[in-house]
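Spelled out, the chains give:
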Amino acid sequence: SKYSRIGSHVAVNEVVTAAIAAMADVPDDVRTNDDKLEQALTKLLVATVRKARSKVIGVAEKSGLNPKEFRATLLTIIHYHSAGKEMLLSNQVGDGAISLLMMDKSVKKFGDSDSGAFSGEVSCFLTDSDAVEKAETVQVIREVDTVEAMFLCSDGIEDPFYPIEKRALDIFGQWSSGVDA
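Residues numbered from 1 in each chain as written. Predicted model: local features only at pLDDT ≥ 70, side-chain atom pairs only at ≥ 80, totals over all residues. Heavy atoms only, no water.

A.B. asks: Please clarify how the overall build of the chain should be interpreted in this entry.
C.D. replies: Counting secondary structure elements, the chain contains 6 helices and 6 strands. Its helices and strands taken in sequence order, the chain reads α-α-α-β-β-β-β-α-β-β-α-α from the N to the C terminus. Within the chain, buried positions represent 40% of all 181 residues. Considering only intrachain contacts with a sequence separation of at least 6, the fraction spanning at least 24 residues in the chain is 63%. Looking at the chain as shown, the accessible area adds up to about 10,000 Å², and 51% of this sits on carbon and sulfur atoms. (Helix = DSSP H or I, 4+ residues; strand = E, 2+ residues; numbered from the N terminus. Buried < 20%, exposed > 50% of the residue type's maximum accessible area, 1.4 Å probe, protein only. Contact = heavy atoms within 4.5 Å. Areas by Shrake-Rupley, 256 points an atom, 1.4 Å probe, with all protein chains shown as cover.)

A.B. asks: I'm lost on the packing of helix 1 (residues 4-23) against helix 3 (residues 34-62) in this one. Help?
C.D. replies: Between two packed helices, both the angle of their axes relative to each other and the distance between the axes serve to describe the pair. Direction vectors running N to C along helix 1 and helix 3 enclose 140°, while the axes themselves pass 8 Å from each other. For the pair helix 1 and helix 3, the sense of crossing is right-handed. Along its contact with helix 1, which presents Gly7, Val10, Ala11, Glu14, Val15, Ala18, Ala19, Ala22 and Met23, the element helix 3 presents Leu41, Leu44, Thr48, Val49, Lys51, Ala52, Lys55, Val56 and Val59. By residue class, the composition of the contact of helix 1 with helix 3 is 13 nonpolar, 2 polar and 3 charged. (Axes fitted to C-alpha atoms, helices over the stretch in contact; angles between N-to-C directions. Left-handed = near helix turned anticlockwise from the far one by under 90°. Nonpolar A, V, L, I, M, F, W, Y, C, P; charged D, E, K, R; others polar.)

A.B. asks: Explain the packing of aromatic side chains to me, please; I cannot follow it from the model alone.
C.D. replies: When we look at a pair of aromatic rings, we describe it by the centre distance and by the angle of the planes. Applying the stated criterion across every chain, the model contains 1 aromatic pair. Seen from their ring centres, Tyr3 and Phe70 are 5.2 Å apart, and the 25° between their planes marks the pair as stacked. In this pair, Tyr3 sits in the segment before helix 1 while Phe70 sits in the loop between helix 3 and strand 1 (74-82), placing the two residues 67 residues apart along the sequence. Among the residues examined, Tyr3 registers a relative accessible area of 24% and is labelled partly exposed. (Phe/Tyr/Trp six-rings, centres within 6.5 Å; stacked < 30°, edge-to-face > 60°.)

A.B. asks: Honestly, the pairing of strand 2 (residues 85-93) in this entry has me stumped. Any pointers?
C.D. replies: If a strand is regular, its side chains alternate between the two faces of the sheet. The buried fraction of strand 2 is high, at 7 of 9 residues. Across 9 bridges, the pairing between strand 1 and strand 2 is antiparallel. Looking across to strand 2, one finds that Ile78 is bridged to Leu89. Hairpin connection from strand 1 to strand 2: 2 residues lie between these consecutive antiparallel strands, with Ala83 at a positive phi of about 50°. As paired elements, strand 2 and strand 5 (residues 139-141) share 3 bridges and run antiparallel to each other. Across the sheet, Leu88 pairs through a bridge with Ile141, a residue of strand 5. (Pairing = 2+ DSSP bridges.)

A.B. asks: Would you take a moment to explain the confidence of the model for the chain for this structure?
C.D. replies: The predicted coordinates ought not to be read in detail in places where the model reports low pLDDT. Of all residues in the chain, 88% have pLDDT values of 70 or greater, and the mean over the chain is 87. Taking the mean pLDDT of every element in the chain, the minimum, 64, falls on helix 5 (residues 155-158) and the maximum, 96, on helix 3. (pLDDT = per-residue confidence, 0-100.)

Have a look at this one:
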């Protein structure tokens with residue numbers, strides 16, 4: 001889309017700002033209970049993705065442009081670590097990939113891409129109405145010590161490594177040993 005880079009920029013800044021602000025509001029009694037903490041962080045992530053969507057649409061409308069011109073993918077991970085608790089939460093609106101390299105050298109997909117049936121086809125972008133519902137799809141990992149590394153990548157990185165579930169280990173390998181190895 002014509003202004004997708006602006007949409008991405010606005011969305012990322014809004015997610016980070018909103019998540020940091022909301023994190024301060026998590027009560028101490030919630031921070032000490034794993035189940036309550038997961039629920040609170042899930043709610044926080046959903047709200048921040050929705051705020052990012054609203055902010056991008058607001059920028060489009062203020063500019064007198066169609067929000068579809070600001071279509072963007074938003075891949076989000078919250079890595080919570082405080083008071084002896086650690087957790088990863090992810091949300092994905094759009095294409096691209098979130099992958100985790102586990103300590104046992106296996107790879108785990110962490111999010112669901114909104115890719116369509118054909119190459120380059122995307123079924124949902126951040127400014128689309130489906131993104132409101134898509135924001136509710138949050139995946140959680142409580143056993144963070146089983147994760148060695150993670151990446152969030154656009155479809156430009158994902159496409160040459162398709163299918164990412166089978167080829168993500170190649171990306172981690174290149175980062176570890178370089179592309180010449």
